[in-house]
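# Structural features, examined
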Amino acid sequence: MSLKDKIINLRSSIKPFFKQIPARVYACFADSTPKSRIVSASAVLLTLVAFGAAGVAPLPMDPDEVSVKAISAELELPSLSEQIAKLEAQQQLYVAEDKMRAGDTLATLLTRLGVDDDQASNFIKSDRRARAVLRLKTGTTVQAQTSNDGVLQMLRATIADGDDTPTNLLIHRDGDKFTVSEESATVERRVEMHTGVIRSSLFAATDAADIPDSVASQIVAMFGTNINFASDLKRGDHFNVAYETFWQNGQFLRAGRILAGEFVNGGKPFQAVWFDEPASGQGGYYGFDGKSLKKAFLKSPLTFTRISSGFSMRVHPILGKWKKHTGVDFAAATGTPIHATADGVIDFAGVESGYGNVVIIKHDSKYSTVYAHMSRFAPTSRKGGKVSQGDVIGYVGMTGWATGPHLHYEFRVANEPRDPMSVVVPTASPLAGVELERFKTVAADITHRFNLLSGETAAAPATKLASK
């Protein structure tokens, strides 16, 4: 039986019932009370709804009865040659990016960027602001936009000079003319953490840990009052360091200040945290106990060297007789920078018998230091000139009574020579009160970070760890 026949039979069976409904309804209401009439009406209504739903509900479809009609049509594909012709007729722009390399000229840089445009090249060479492209540092990212035939449409480069805010240099083509503009670059500040182990020297260890040289120099300055990097380093010494880095569009610009450092020298730990003091508007490095690391004098006036002669009796290399050596000799190559070990005023800068070229710095009424056998003076080393701790005052040489290039360094107390390697010097006042409590929070956070860096699982320090 077909689906159509089934539906016809169902309707035929239901139709007589619906014809009888009026009579049945009248019979129900004829001899009944009001209450029974309401009940009867409800029953009738529900019956009608049930039969109505059954009457309109779709019956299951038989798959064999569904008709299928196949339709086919031929579609004309677009012409591939026409598409290629349209693309070739359109002006396409290409973007290339590369970095400045050592020894690059403007021509080699533009060639790598796919630029073949003498007009653009001549403009960059002749325009005062555009010529900054010729002075870009090695590693600087340069981006160029060119047309199909290599004509320059836009060139972008980031110019970063020292601590100044970097700027984006933009060169745009407008027909046959070029315009140059500058815009402040959006700089991202990051904090990087590294660890290193001394195998031969500090710089070798920082290179192995991928730490910039500027950060390595800061490590020396930060711990220079406690560690003599010229003679105290031992194989196996290790360090952790956290420092700022600055980036622009994913390009490294420069390293900034060390925020915290930890150096273990001969098993003895030295720690430092940079802490800004709101009261004074200045900052400095402090140990994790809140004591300032800044001492009146550095351990050594040279960054990396070795002691060739200590503070003791010795046979003078020129006079050939026993004589007290009133200073410490640091062997170093000619031209090595010499740093003032403390703040002070230059009391003498000139030639003095066996000392050769010598600078004498007076620090106060009690302390003074002597730097002898210099090859030359720093331009600022003049009598009466003020110097700060770490300033370059001259360069290693072998003038005066010297048999080889080295620095003779003296430390005088009340004009009497003392051994600079053992003399006790004062430090700055430690933090106290509210500043100390604020510092403890900073130090606790750094301690936690260093523990994670070293893979330590020791218990957390007593102070509460700061969360970022």
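Residues numbered from 1 in each chain as written. Predicted model: local features only at pLDDT ≥ 70, side-chain atom pairs only at ≥ 80, totals over all residues. Heavy atoms only, no water.

### Notes on the overall build of the protein
A count of helices and strands for the protein gives 8 helices and 22 strands. Taken over 468 residues, the protein has a buried fraction of 36%. Pairs at least 24 residues apart make up 60% of the contacts formed inside the protein by residues separated by at least 6 positions. Summing over all exposed atoms, the protein offers an accessible surface of approximately 27,700 Å²; the carbon and sulfur share of this is 55%. (Helix = DSSP H or I, 4+ residues; strand = E, 2+ residues; numbered from the N terminus. Buried < 20%, exposed > 50% of the residue type's maximum accessible area, 1.4 Å probe, protein only. Contact = heavy atoms within 4.5 Å. Areas by Shrake-Rupley, 256 points an atom, 1.4 Å probe, with all protein chains shown as cover.)

### Topic: the pattern of salt bridges
With the rule as written, the count across this model stands at 12 salt bridges. A salt bridge links Asp-98 to Arg-112; the shortest N-O distance between them is 3.0 Å. Taken together, the positions of Asp-98 in strand E1 (residues 94-99) and Arg-112 in helix H4 (residues 106-112) put the pair 14 residues apart, joining distant regions of the chain. The class of Asp-98 is buried, set by a relative accessible area of 17%. One salt bridge in this structure joins Glu-435 and Arg-438, with 3.3 Å as the shortest N-O distance. With Glu-435 and Arg-438 both in helix H8 (residues 433-454) and 3 residues apart, this pair spans about one turn of that helix. Under the relative-accessibility criterion, Arg-438 is labelled partly exposed at 36%. (Salt bridge = Lys/Arg side-chain N within 4 Å of Asp/Glu carboxyl O.)

### Describing the packing of aromatic side chains
Tallying each qualifying case throughout the model produces 14 aromatic pairs. With 5.3 Å between their ring centres and 45° between their planes, Tyr-371 and Tyr-409 make a pair best called tilted. Residue Tyr-371 is found in strand E18 (residues 367-377), and its partner Tyr-409 is found in strand E21 (residues 406-413); the two are separated by 38 residues along the sequence. Given a relative accessible area of 0%, Tyr-371 falls into the buried group. These aromatic residues form a ring-pair network of at least three members: Phe-223, Phe-229, Phe-239 and Phe-263. Cation over ring: Arg-257 sits above Trp-274, and NZ or CZ is 3.9 Å from the ring centre. For the cation-ring pair, Arg-376 lies above Tyr-395, with the distance from its terminal atom to the ring centre recorded as 4.0 Å. (Phe/Tyr/Trp six-rings, centres within 6.5 Å; stacked < 30°, edge-to-face > 60°. Lys NZ or Arg CZ within 6 Å of the ring centre and 35° of its normal.)

### Remarks on helix H5 (residues 118-126)
Taken as a whole, H5 has its buried residues at Ala-120, Ser-121, Phe-123 and Ile-124. Here the buried residues of H5 occupy an arc of 160° about the axis, which is enough to place them on one side. Exposed and oriented more than 90 degrees from the buried face of H5 are Asp-118 and Ser-126. Along its buried surface, H5 packs onto H4, strand E3 (152-159), strand E4 (167-174) and strand E5 (177-184). N-capping of H5 is provided by Asp-117, with a side-chain oxygen placed 3.1 Å from the backbone N of Gln-119. (Arc of directions from axis to C-beta. Polar contact = N/O pair within 3.5 Å; in protein donor to acceptor, adjacent residues only side chain to side chain.)

### Some points on the sheet that holds E5
Strands sit in the order E1-E2-E3-E4-E5 across an open sheet of 5 strands; the sheet is antiparallel. Every interior strand has two partners, whereas the edge strands, E1 and E5, have only one. Taken pair by pair, the neighbouring strands of this sheet meet at an average axis angle of 15°, ignoring direction. Where E3 lies against E4, 6 bridges are found, and the strand directions are antiparallel. The partner of Arg-156 across the bridge, within E4, is Leu-170. (Pairing = 2+ DSSP bridges. Axes fitted to C-alpha atoms, helices over the stretch in contact; angles between N-to-C directions.)

### A few points about the pairing of strand E8 (residues 251-265)
With respect to burial, E8 is a largely interior element, 11 of its 15 residues being buried. Strand direction decides the pairing type here: strand E7 (residues 238-248) and E8, joined by 10 bridges, are antiparallel. Note that in E8 the partner of Trp-247 across the bridge is Phe-252. Hairpin connection of E7 to E8: 2 residues between the antiparallel strands, including Asn-249 at a positive phi of 55°.

### Concerning unusual backbone geometry
For Asp-210, which is not glycine, the phi torsion reads 60° and is therefore positive. By secondary structure assignment, the location of Asp-210 is in the loop between helix H6 (202-208) and helix H7 (213-223). We note that Asn-415 has phi near 70°; this positive angle belongs to a residue other than glycine. As for its position among the elements, Asn-415 is in the loop between E21 and strand E22 (416-418).

### Notes on H7
Residues Val-215, Ala-216, Ile-219, Val-220, Met-222 and Phe-223 constitute the buried set of H7. Seen from one end, H7 has its buried residues packed into an arc of 165°, which puts them on one side.

### Topic: the side chain of Thr-146
Tracing the sequence through the fold places Thr-146 in strand E2 (residues 141-146). When residues no more than four places from it in sequence are discounted, the contact partners of Thr-146 are Gln-92, Leu-93, Tyr-94, Leu-113, Gly-114, Val-115, Val-151, Leu-152 and Gln-153.

### Structural notes on the pairing of E4
By the bridge criterion, 8 bridges tie E4 to E5 in an arrangement that is antiparallel. In the strand pairing of E5, His-172 is matched with Thr-179. Counting the residues in the hairpin turn of E4 and E5 gives 2 residues, including Gly-175, whose phi is positive at 70°.

### Things to note about the side chain of Arg-173
Inspection of the secondary structure assignment puts Arg-173 in strand E4. Look at Arg-173 and you get buried, because its relative accessible area is 15%. Among the polar contacts made by the side chain of Arg-173, one reaches the main-chain carbonyl oxygen of Leu-152 at a distance of 2.7 Å. Excluding its chain neighbours within four sequence positions, the residues that come into contact with Arg-173 are Asp-117, Gln-119, Ala-120, Val-151, Leu-152, Gln-153 and Phe-178.

Structural measurements only, silent on function.
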